[in-house]
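Survey of secondary and tertiary structure
Each chain is listed here by its residues.
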Amino acid sequence: MRAVRHIAEPPRVPAAPLIGGLAGALAYRRDPPAFLRRWRARLGPVFTLSLAGVEMTVVAGPAEAEPVLRAPDTRLGARAAQARFGFERTLGPIALHVGTDLHQTLLVRERRRWDGDLEARLRDAVARALDAEPSGEVELFAALRRVALRATARAFGSDALAAEPFLARFAAFQDVLEEATARGAALPGFVARPLVYEPVHRRGRALVREVVGLLRGASLAPYLAALRARLPDPGDDDALGEIVLGLLFAAHKNVAIGAAQLLCFTAGTPPEGEALDRAIRETLRLCALGLGSLRQVRGAPFPLGPWRLPPGRLVAVSHQLLARDPALWDEPDVFRPARFAEPAAPFAWIPFGAGPHGCPGRSVALRLIRELAAAVAARGLTLQGAPPPLDFTRATLAQRRGPVHARLG
Ligand code: HEM
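Below is a summary of the structure that appears in this document. What you see is a predicted model; the values in this text were computed from it and never measured.

**A closer look at the overall build of the protein chain**
Scanning the protein chain for helices and strands turns up 16 helices and 12 strands. In terms of C-alpha radius of gyration, the protein chain reaches 21 Å, essentially the compact-globule figure of 22 Å for 409 residues. Structurally, the protein chain occupies a C-alpha span of about 70 × 50 × 40 Å along its principal axes. Per-residue burial over the protein chain gives 52% buried out of 409 residues.

Below, the structure is given as structure tokens:
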């Protein structure tokens with residue numbers, strides 16, 4: 001007789017029969033941190049919920065997050081998890097499978113090959129991008145997003161990409177893609193693919209053609225030149241175009257949100273020097289992603305404390321739950337940069353994830369936020385009224401529930 005292997009599963013968020021998965025996905029979408037906090041308090045630091053029939057195990061304790069984030073890709077895969085949320089179709093398979101690996105290689109392991117003048121290049125790109133903003137009334141998040149997108153396009157791509165109509169179309173595409181990812185997660189794959197992901201895919205293809213046109217004969221920033229040289233076929237313009245789209249997608253929006261939130265928390269006048277670094281860390285702590293690091297169990301069941309997660313299971317480390325855990329932080333909901341005078345507990349502050357698929361743009365992102373905040377503060381920024389509360393409904397750093405009106409000098 002064959003022995004039946006017992007798999008000890010983490011506790012589950014109960015789901016009503018039939019509509020449970022959908023109801024869970026919708027309750028999650030309404031207020032992600034509140035939903036996650038409620039179940040973390042009842043079920044502990046590892047629990048499983050059902051999103052439209054797909055099981056996802058949420059990890060919210062530092063001791064449990066560490067083995068998940070450090071696991072090699074052969075045990076906990078990042079690409080397979082991203083594909084489950086439609087990215088293979090919406091951003092494209094080359095951006096997902098070739099692009100992200102190349103960014104990991106170039107931004108982390110082969111930095112020296114291309115980043116000789118990166119600091120000056122970033123500062124110059126931010127200055128030029130901000131110069132393009134007229135003085136006067138702005139919505140802070142929208143203005144910083146335009147600036148961050150222009151700066152990223154120039155510093156990592158090419159001056160030719162900093163073309164306003166293209167950048168505006170790209171930003172709109174990213175918003176549509178994000179919305180599609182959220183809607184698709186609440187639907188079974190066979191419905192999401194044709195109805196939700198396919199229209200985004202078509203918009204993405206049109207933008208790839210636009211990128212190819214803009215880059216034809218243009219001089220490339222050292223980063224993009226290094227990246228092209230590492231492509232399996234360096235002459236494949238479509239592949240390069242798709243990877244550029246993926247890079248702009250990953251690199252600009254959270255930077256813009258981070259800088260805008262920093263300016264909100266510091267009433268438009270961020271501190272300088274070390275105090276600025278601490279204020280940025282504190283901003284990223286309060287705004288960290290709900291389900292930040294996504295993986296999928298590959299091969300054998302994955303052991304996690306007393307639990308065994310079955311092959312195919314999606315696993316999500318909640319950066320937000322760790323960042324606001326009262327056992328890890330004193331008064332976790334208060335903005336207090338001075339707390340970073342001491343090192344944070346291990347795996348308590350992970351707004352960039354960690355391990356082999358942690359964000360390879362982390363140091364660039366921190367520098368960009370610093371440059372953006374300093375450049376905007378130097379121009380003079382006056383916030384008009386108190387900013388609305390934080391909004392966690394998007395799969396980005398937290399934004400605000402309504403517009404933040406400001407005057408740029
Ligand atoms: C404040 C700004 C940023 C935040 C909060 C952020 C956060 C993240 C997070 C949470 C992940 C997933 C990590 C994981 O799964 O463990 C990620 C992945 C990634 N980020 Fe960032 N990021 C930022 C800026 C950037 C920038 C500036 C770049 C490029 C220059 C970048 C490139 C990437 C790439 C390529 C990935 C995919 C890595 C992989 O799957 O192997 N990010 N980022």
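Having put the structure on the table, let's press on.
**Some points on the sheet that holds strand E8 (residues 314-317)**
Reading across the sheet, the 5 strands line up as E1-E2-E8-E5-E3 and stay open at both edges, with mixed pairing between neighbours. Two strands lie at the open edges of the sheet, namely strand E1 (46-51) and strand E3 (76-77), each paired on one side alone. The sheet strands contacting helix H2 (residues 32-43) are E1 and strand E2 (54-59), and the helix crosses E1 at an angle near 135°. Packing of helix H3 (residues 62-70) onto the sheet brings it into contact with E1, E2, E3, strand E5 (293-297) and E8, and relative to E8 it is tilted by some 120°.

**Regarding the site of the ligand**
Surrounding the ligand, one finds 26 residues, the nearest of these being Gln 104, Ser 293, Arg 295, His 357 and Cys 359. Measuring from an oxygen atom of the ligand, one finds a side-chain N or O atom of Gln 82 at 3.4 Å. The contact in question runs from an oxygen atom of the ligand to an N or O atom on the side chain of Ser 293, over 2.7 Å. Listing elements by their share of the shell around the ligand, those giving two or more residues are helix H4 (79-84), helix H6 (93-109), helix H12 (237-251), helix H13 (253-265), E5 and helix H16 (362-379). With 4 residues, the single largest contributor to the shell around the ligand is H6.

**As for the packing of helix H10 (residues 189-215) against H12**
How two helices sit against one another is set out by the angle between their axes and by the gap between those axes. Between H10 and H12, the shortest axis-to-axis distance is 8 Å and the interhelical angle comes to 110°. As the angle between them shows, H10 and H12 are arranged roughly perpendicular. Helix-helix and strand crossings are classified by hand; for H10 and H12 the assignment is right-handed. Across the interface between the two elements, Gly 204, Arg 205, Leu 207, Val 208, Val 211, Val 212 and Leu 215 of H10 pack against Asp 237, Asp 238, Leu 240, Gly 241, Glu 242, Val 244 and Leu 245 of H12. Its residues placed into classes, the contact of H10 with H12 shows 8 nonpolar, 2 polar and 4 charged.

Analysis parameters
- Residues numbered from 1 in each chain as written.
- Predicted model: local features only at pLDDT ≥ 70, side-chain atom pairs only at ≥ 80, totals over all residues.
- Heavy atoms only, no water.
- Helix = DSSP H or I, 4+ residues; strand = E, 2+ residues; numbered from the N terminus.
- Rg over C-alpha atoms; globule rule 2.2 N^0.38 Å.
- Buried < 20%, exposed > 50% of the residue type's maximum accessible area, 1.4 Å probe, protein only.
- Pairing = 2+ DSSP bridges.
- Contact = heavy atoms within 4.5 Å.
- Axes fitted to C-alpha atoms, helices over the stretch in contact; angles between N-to-C directions.
- Near = heavy atom within 4 Å.
- Polar contact = N/O pair within 3.5 Å; in protein donor to acceptor, adjacent residues only side chain to side chain.
- Parallel < 35°, antiparallel > 145°, perpendicular 65-115°, else oblique.
- Left-handed = near helix turned anticlockwise from the far one by under 90°.
- Nonpolar A, V, L, I, M, F, W, Y, C, P; charged D, E, K, R; others polar.

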